[in-house]
Amino acid sequence: MSARIISGTETAKQISEELKNEVAELKATRNIVPGLATVIVGCDGPSLTYVGNKVTMCEKLNMRPERHDLPADISEKELLALIACLNADPAVHGLLVQLPLPKHICETRVLMAISPLKDVDGLHPVNVGKVMIGEDGFLPCTPAGIHELLLRAEVAMEGAEVVVVGRSNIVGKPLASLLMQKRPGANATVTICHSQTRDLKQHTLRADVLIAAIGRPRCITADMVREGTVVIDVGTNEVGKTAEGKRILVGDVDFEAVKEKAAVITPVPGGVGPMTIIMLMKNTLKAAKLALGA
Ligand code: GUN
């Protein structure tokens with residue numbers, strides 16, 4: 001039997017309606033418009049697309065985007081000075097620096113310079129630590145989006161065997177921390193696999209919920225998935241361009257074959273991707289309320 005396909009696009013649309021209402025209420029009751037500052041250094045193609053999508057989504061939800069496009073050769077000192085200004089600006093509630101950064105800039109120093117109260121990407125060590133100990137902070141957007149998708153799709157997570165393939169700071173590690181917390185849509189037994197895992201298939205075959213965040217096209221094949229598994233595909237790999245020059249994206253999962261075994265599966269595009277961006281908006285609204293002490 002073919003899997004139930006959970007649409008991130010549809011779920012994100014529902015959440016965007018909820019957020020629009022909350023934004024309108026904040027404006028009506030406190031005269032505050034959530035502001036999101038995005039900083040991009042250089043002109044890496046995918047990064048420009050991602051930041052463009054974030055700005056457009058802000059506008060759709062009646063939030064205020066503030067875009068800072070900096071030259072690739074800007075010094076780390078100048079970048080840190082801009083971050084200090086944005087940290088101090090009361091009209092900026094959320095602040096994110098798009099990654100990757102050019103090699104001459106230290107990513108850790110930059111992420112640590114962002115105020116943890118404006119760190120809507122959840123990448124500051126304070127927020128990373130808060131996920132670990134189950135304290136309220138900013139969750140990174142992709143793990144938060146996956147959690148929300150699992151919750152709204154009513155996937156049974158308590159005590160489930162979750163296998164996360166990928167150990168990045170932005171997805172794998174925070175997602176594992178989140179899904180092992182004692183909270184709804186979590187409380188699972190989590191295994192993280194990575195490039196040095198000896199027998200990946202042995203782990204993936206045990207999964208009730210399999211989350212692929214590897215960054216390699218169609219790496220999870222049907223023989224690695226047990227019948228009835230919930231499969232979440234975090235990958236967005238460009239495998240070519242259409243005749244019109246549009247990027248062709250595929251996930252980390254061999255969707256066509258795996259959907260015949262899985263109980264539930266997310267597509268690429270239209271799965272985790274739209275959830276990530278809507279969680280950024282949710283975090284920005286949360287930052288605006290936090291600034292009010294609400
Ligand atoms: N580069 C790729 N994904 C992300 C993200 O979620 N946040 C930031 N800041 N940079 C990224």
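Now for a look at the structure at hand.

## Overview of helix α6 (residues 141–152)
Stage number 1. For α6, built from 12 residues, the straight-helix expectation of 16 Å at 1.5 Å per residue is met to within 8% by its first-to-last C-alpha distance of 16 Å.
Stage number 2. Burial runs high along α6: 10 of the 12 residues are buried.
Stage number 3. By the burial criterion, the buried members of α6 are Cys141, Thr142, Pro143, Ala144, Gly145, Ile146, His147, Glu148, Leu149 and Leu150.
Stage number 4. Of the surrounding secondary structure, the elements contacted by the buried residues of α6 are α1 (8–30), α7 (172–179), β7 (209–212), β8 (230–233) and α10 (272–292).
Stage number 5. Where α6 ends, the next residue or the one after it, Glu154, has phi of about 55 degrees, a positive value.

## Structural notes on the nonpolar core
Nonpolar side chains tend toward joint burial in soluble globular proteins.
Stage number 1. Ranked by size, the top nonpolar core spans 48 residues in total, and within it Ile146, Leu150, Val162, Ile211, Ile232, Ile278 and Met281 carry the most contacts.
Stage number 2. Of all elements in the fold, only α1, α2 (45–60), α6, β5 (161–165), α7, β7, β8 and α10 reach the threshold of two or more residues within this core.
Stage number 3. Residues contacting Ile232, with those up to four places away along its chain left out, are Ile6, Ile146, Leu150, Leu210, Ile211, Ala212, Thr266 and Val272.
Stage number 4. With 19 residues, the next largest nonpolar core counts Ile74, Leu79, Leu99 and Leu101 among its residues.

## Here we look at the environment of Leu200
Stage number 1. Among the structural elements, Leu200 can be located in helix α8 (residues 200–204).
Stage number 2. C-alpha of Leu200 to C-alpha of Phe255: the two residues are 55 residues apart in sequence and 18 Å apart in space.
Stage number 3. Leu200 has contacts with Val165, Cys193 and Met224, leaving out every residue within four places of it along the chain.

## So, the side chain of Lys54
Stage number 1. For Lys54, the location among the structural elements is in helix α2.
Stage number 2. Buried and unpaired, Lys54 has Asp121 as its nearest opposite-charge partner, separated by 5.2 Å.
Stage number 3. A polar atom in the side chain of Lys54 sits 2.7 Å from the side chain of Gln98.
Stage number 4. The contacts of Lys54, once residues within four sequence positions are left out, are Leu96, Gln98, Ile277, Leu280 and Met281.

## Here's the deal with the packing of α2 against α10
Stage number 1. The geometry of α2 relative to α10 is characterised by a closest axis approach of 10 Å and an angle of 55 degrees between their N-to-C directions. Put simply, α2 runs oblique to α10. Considering how the two elements wind past one another, α2 and α10 form a crossing that is right-handed. Here Asn53, Lys54, Met57 and Cys58 of α2 lie close against α10, whose contacting residues are Ile277, Ile278, Leu280 and Met281.
Stage number 2. Here the contact of α2 with α10 is composed, by residue class, of 6 nonpolar, 1 polar and 1 charged.

## Considerations on the packing of α1 against α6
Stage number 1. Contact pair α1 / α6: the axes reach a minimum separation of 11 Å and the direction vectors enclose 95 degrees. Between α1 and α6, the interaxial angle falls into the category roughly perpendicular. Residues Gly8, Thr11, Gln14, Ile15 and Glu18 of α1 form the contact with α6, whose own contacting residues are Glu148, Leu149 and Arg152.
Stage number 2. Here the residues of the contact of α1 with α6 sort into 2 nonpolar, 3 polar and 3 charged.

## Comments concerning the pairing of strand β10 (residues 247–250)
Stage number 1. Here strand β9 (residues 237–241) pairs with β10 via 4 bridges, running antiparallel. What sits directly across from Gly240, in β10, is Ile248.
Stage number 2. The turn linking β9 back onto β10 is made up of 5 residues, and Gly245 within it adopts a positive phi angle of 90 degrees.

## Some points on the side chain of Asp119
Stage number 1. Position of Asp119 relative to the elements: it lies in the loop between α4 (107–113) and α5 (125–133).
Stage number 2. Nearest to the buried, unbridged Asp119 among oppositely charged side chains is Lys130, at 9.6 Å.
Stage number 3. At 2.8 Å, the side chain of Asp119 and the backbone nitrogen of His124 are in polar contact.
Stage number 4. If we ignore the near neighbours within four places in the chain, the residues touching Asp119 are Leu95, Ile114, His124, Asn127 and Phe138.

## Looking at the site of the ligand
Stage number 1. The local shell around the ligand consists of Val97, Gln98, Leu99, Asp121 and Ile170.
Stage number 2. With respect to the ligand, the side chain of Asp121 contributes an N or O atom lying 2.5 Å from a nitrogen atom.
Stage number 3. In the complex, the protein chains occlude 77% of the 280 Å² of accessible area that the ligand would expose alone.
Stage number 4. A per-class count over the shell around the ligand returns 3 nonpolar, 1 polar and 1 charged.

Conventions adopted
- Residues numbered from 1 in each chain as written.
- Predicted model: local features only at pLDDT ≥ 70, side-chain atom pairs only at ≥ 80, totals over all residues.
- Heavy atoms only, no water.
- Helix = DSSP H or I, 4+ residues; strand = E, 2+ residues; numbered from the N terminus.
- Expected span 1.5 Å × (residues − 1).
- Buried < 20%, exposed > 50% of the residue type's maximum accessible area, 1.4 Å probe, protein only.
- Contact = heavy atoms within 4.5 Å.
- Core = buried A, V, L, I, M, F, W, Y, C linked by side-chain atoms within 4.5 Å.
- Lys, Arg positive; Asp, Glu negative; His and termini not counted.
- Salt bridge = Lys/Arg side-chain N within 4 Å of Asp/Glu carboxyl O.
- Polar contact = N/O pair within 3.5 Å; in protein donor to acceptor, adjacent residues only side chain to side chain.
- Axes fitted to C-alpha atoms, helices over the stretch in contact; angles between N-to-C directions.
- Parallel < 35°, antiparallel > 145°, perpendicular 65-115°, else oblique.
- Left-handed = near helix turned anticlockwise from the far one by under 90°.
- Nonpolar A, V, L, I, M, F, W, Y, C, P; charged D, E, K, R; others polar.
- Pairing = 2+ DSSP bridges.
- Near = heavy atom within 4 Å.
- Areas by Shrake-Rupley, 256 points an atom, 1.4 Å probe, with all protein chains shown as cover.

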